Amino acid sequence: MFSRLPIRFLQAAVALGIVAAITFVHHDILRVNQTTVALTFVVAILAVSTFWGFTVSAFMSLAAMLAFNYFFLPPVGTFTIADPQNWAALFAFLAASLIASQLAARVRQEADEAQRRRNELERLYTFSQTLLVSGNVITLLNAIPSHIVETFEVGAAALYLENKNKFYHSGGASHFADEELKRATARDEPLRDPGRSLSFVPVRMGTRAIGSLGISGQMLSRETLDALGSMIAIAFERARAVEELGKTEAAREGERLKSALLDSVTHDFRTPLTSIKASVTSLLSERPVAETQRHELLTVIDEECDRLNQLVGDAAEMAQLDAGEFELDLAPNSMNEIVSAALSYCKVLLGARAIRMDVPETLPSVRADFNRIRDVLVRLIENADGYSPKEQPITITAEASGNVVLTSVADNGPGIEDMELGLIFDKFYRGKDQRYLVQGTGMGLPIAKAIIQAHGGTISVASQRDHGSVFSFTLPIDSSPSKPR
């Protein structure tokens, strides 16, 4: 690749060739008057000045003046000038050539500068869009230097934050001394060092300095450096504000969930505890208790203890699912076997209720945790049993759909209002018309949703008022060669 000086010599040689070509054409072929020759030289000089700058065009102007004098001003063939007016014409030609070439070079330089600023503005816009992507402060700070390198095509970049006393580097950012970045924080304006191809700019939020930015390689304009410093400061403050807002919202949501849990637990624990207390009080009373009544009271205590155990279990499972502190034992399983296991578990609960089952044995295996998906089905079956008349059947179906198996549990209960469909999987939510008629914690469906999502599936509900509801979930079809259990 040519260095700058040999390129200048090559450009000067080409300019000299252009002068020679114009001289040959006008002197030996066209034989035009002196004015036409001078104008042709000026046009050529303007063109060279536009493309190659003033230095080459000035050299070309001197060469054109000498050629004009030697070949076109009498006495032709010498550098002497007989007519004093030709001296004025010659110097006017030289002056016009130099002035025109300087103006053309300036116009070209200003056009190049405008294009460069336009490119930098476009890159600043792209960079600003990149800064808006992350709402996490640490992620943003680590990404800024790399984004600058990619967007502005510089060699390396480094960011220093004063309050954290930390440095964030892009690849190959060893050009920057930590002390230089720290000193740049106290400056009021960018520092450009063309000798080392380094630039430093303070990162300020208003009048408050929060750090500095160092860039090596391509020299960016002061305006662009100032804009970069301001944009980084604003992006940092925005990300910090978003993070604080997120923490505030998380704390508020946590308080709301605590309140909801307390309300739910208070209500749902009080009912079984009241029944247990009443039964125990009767058993401990001094009045004799018939054996039949004694058995009934003990049965109540046993059932209510089971209910309390279920409440505690649901609360613990919900906490584990929320915290992600659970593992799935994924394996290829037959959906038919999972449904059968769920129905067997619910046999006592369902009693004589009719169950319609359409789960072909030929269905492809699903990749799932057998026990977890059985629990999901148990919850959906219990939900259907609790919210539909005992004489109405529950329908369970499964079918392959693309790369998933879709399983549905349908009941013929009262249905769910449209406004409640979006809330039905929220923690502790229970239908407003049924919450006092059917026992529950409002945690069954949220637990089922969390388990299905952990499998990479989806769960949904479709309902029509007075015609029942259909709860459906999908599980991915197993693609491994393992046999179903």
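The structure contained in this document is the topic of the report that follows. Along each chain, the written sequence defines residue order, and numbers are assigned to residues from 1. Predicted model: local features are reported for residues with pLDDT of at least 70 only, side-chain atom pairs are reported and counted for 80 or more only, and whole-chain, interface and lining totals are derived from all residues. Neither water nor hydrogens contribute to the side-chain values; these are computed over all heavy atoms in the structure.

## A short note on the packing of aromatic side chains
Between rings of Phe, Tyr and Trp, where Trp is taken as its six-membered ring, a pair exists when centres lie within 6.5 Å; planes separated by under 30 degrees are stacked, by over 60 edge-to-face, and by other angles tilted. Inspection of the entire model under this criterion finds 7 aromatic pairs. Linked through ring pairs, Phe41, Phe68, Phe72 and Phe93 together constitute an aromatic cluster.

## Focus: the nonpolar core
Take the buried Ala, Val, Leu, Ile, Met, Phe, Trp, Tyr and Cys residues and link them wherever side-chain atoms come within 4.5 Å; each set so joined is a nonpolar core. Only protein chains enter the calculation, and the probe is 1.4 Å; a residue is then buried if its accessible area is under 20% of its type maximum, exposed if over 50%, and partly exposed in between. Membership of the largest hydrophobic core comes to 38 residues, with the highest contact counts inside it found for Met335, Ile373, Leu377, Ile396, Phe473 and Leu475. Of all the elements in the fold, those that place two or more residues in this core are helix 9 (335-345), strand 8 (366-368), helix 11 (370-386), strand 9 (394-401), strand 10 (404-410), helix 13 (444-454), strand 11 (459-464) and strand 12 (468-476). Counting residues in each nonpolar core, the second largest holds 28 residues, with Ile148, Phe152, Leu220 and Phe236 among its members. Each helix is a run of DSSP H or I of at least 4 residues and each strand a run of E of at least 2, with the numbering of both proceeding from the N terminus.

## What about the pattern of salt bridges?
Whenever a carboxyl oxygen of Asp or Glu lies within 4 Å of a side-chain nitrogen of Lys or Arg, that contact is scored as a salt bridge. One pass over the full model with this rule turns up 12 salt bridges. With a closest N to O distance of 4.0 Å, Glu417 and Arg465 form a salt bridge. Here Glu417 is found in the loop between strand 10 and helix 12 (418-421), whereas its partner Arg465 is found in the loop between strand 11 and strand 12, with 48 residues between them in sequence. Owing to a relative accessible area of 23%, Glu417 belongs among the partly exposed residues under this scheme. Sharing partners across several salt bridges, the network here consists of Glu113, Arg117 and Glu223.

## As for the sheet that holds strand 9
Taken in spatial order, the 5 strands line up as 7-9-10-12-11 in an open sheet, and their pairing is mixed. Edge positions in the sheet fall to strand 7 (355-358) and strand 11, since each has one partner strand and no second. With direction set aside, neighbouring strand axes in the sheet form an average angle of 15°. Only strands that DSSP links by at least two bridges are regarded as paired with each other. The pairing of strand 11 with strand 12 spans 6 bridges and is classified as antiparallel. Axis lines are fitted to C-alpha atoms, over the contacting stretch for helices. Their N-to-C directions set the angle, which ranges from 0 to 180 degrees.

## So, unusual backbone geometry
Omega for the peptide link from Pro74 to Pro75 comes to -5°, which places this bond in the cis form. Positive phi is not limited to glycine here, since Glu153 has a value of about 55°. Secondary-structure assignment places Glu153 in the loop between helix 5 (137-152) and strand 1 (156-161). For Glu153, a relative accessible area of 54% puts it in the exposed group.

## A look at the sheet that holds strand 1
Read from one edge to the other, the open sheet built from 5 strands follows the order 2-1-5-4-3, with strand pairing classed as antiparallel. Unpaired on one side and paired on the other, strand 2 (166-169) and strand 3 (191-193) mark the two borders of the sheet. The average undirected angle you get between the axes of adjacent strands in this sheet is 15°. Of the pairings in the sheet, the one linking strand 1 to strand 5 (residues 208-216) comprises 6 bridges and is antiparallel in character. Note on strand 5: the bridge partner recorded for Ala158 is Gly214. Lying over the sheet, helix 5 contacts strand 1, strand 2 and strand 5, oriented at roughly 150° with respect to strand 1. Note on definitions: a residue-residue contact is assigned when non-hydrogen atoms from the two residues lie within 4.5 Å. The strands touched by helix 6 (residues 178-185) are strand 1, strand 2, strand 4 (198-205) and strand 5; relative to strand 5, the strand with the most contacts, the crossing angle is about 135°.

## Digging into the packing of helix 2 (residues 34-52) against helix 4 (residues 84-131)
Relative orientation of the contacting elements helix 2 and helix 4 amounts to 30°, with a least axis distance of 8 Å. The angle between helix 2 and helix 4 falls in the class roughly parallel. Both helix 2 and helix 4 take part in a crossing whose hand is right-handed. Judged by residue contacts, Ala38, Phe41, Val42, Ile45, Leu46, Ser49, Thr50 and Phe51 of helix 2 engage Phe93, Ser97, Ala100, Ser101, Gln102, Ala104, Ala105 and Arg108 from helix 4. Residue classes follow a fixed rule: Ala, Val, Leu, Ile, Met, Phe, Trp, Tyr, Cys and Pro count as nonpolar, while Asp, Glu, Lys and Arg count as charged, and any other residue, Gly among them, counts as polar. Across the contact of helix 2 with helix 4, the residue classes break down as 10 nonpolar, 5 polar and 1 charged. By the definition adopted for this analysis, an angle is roughly parallel if under 35 degrees, roughly antiparallel if over 145, roughly perpendicular if from 65 to 115, and oblique otherwise. Crossing handedness is defined as follows: a turn of the near helix away from the far one that is anticlockwise and smaller than a right angle gives a left-handed crossing, while the clockwise case is right-handed.

## Quick look at the side chain of Ser469
Assignment of secondary structure puts Ser469 in strand 12. Look at Ser469 and you get buried, because its relative accessible area is 4%. Here a polar contact means two N or O atoms within 3.5 Å. Within protein one must be a hydrogen donor candidate and the other an acceptor candidate, and residues neighboring in sequence count only if both atoms are side-chain atoms. At 2.8 Å, the side chain of Ser469 and the side chain of Ser463 are in polar contact. In this view, Ser469 contacts Val409, Ala410, Asp411, Gly415, Ile416, Val461, Ala462 and Ser463; residues no more than four positions away in its chain are not counted.

## Regarding the packing of helix 2 against helix 3 (residues 54-72)
Between two packed helices, what matters for the description is the angle formed by their axes and the separation of those axes. Close contact between helix 2 and helix 3 brings their axes to 8 Å; oriented N to C, the two are set at 165°. The pairing of helix 2 with helix 3 is recorded here as roughly antiparallel in orientation. Note on packing geometry: the crossing formed by helix 2 with helix 3 is right-handed. Across the interface between the two elements, Gln34, Val37, Ala38, Phe41, Ala44, Ile45, Val48, Ser49 and Trp52 from helix 2 touch Phe54, Val56, Ser57, Met60, Ser61, Ala64, Ala67, Phe68 and Phe72 from helix 3. Its residues assigned to classes, the contact of helix 2 with helix 3 comprises 14 nonpolar, 4 polar and no charged.

## Brief notes about the environment of Ala186
Relative to the helices and strands, Ala186 is located in the loop between helix 6 and strand 3. Using a relative accessible area of 65% as the deciding quantity, one classes Ala186 as exposed.

## Concerning helix 2
In a helix, the anticipated span is given by 1.5 Å times the number of residues less one. Given a rise of 1.5 Å per residue, 19 residues ought to cover 27 Å, and the 27 Å separating the end C-alpha atoms of helix 2 matches this to within 8%. When helix 2 is considered as a whole, its buried residues turn out to be Val37, Ala38, Phe41, Val42, Ala44, Ile45, Val48 and Ser49. A side-chain oxygen of the first residue of helix 2 lies 3.2 Å from the backbone nitrogen of Thr35; this N-cap is Asn33. Positioned one or two residues after helix 2, Gly53 has a phi angle of 95°, which is positive.

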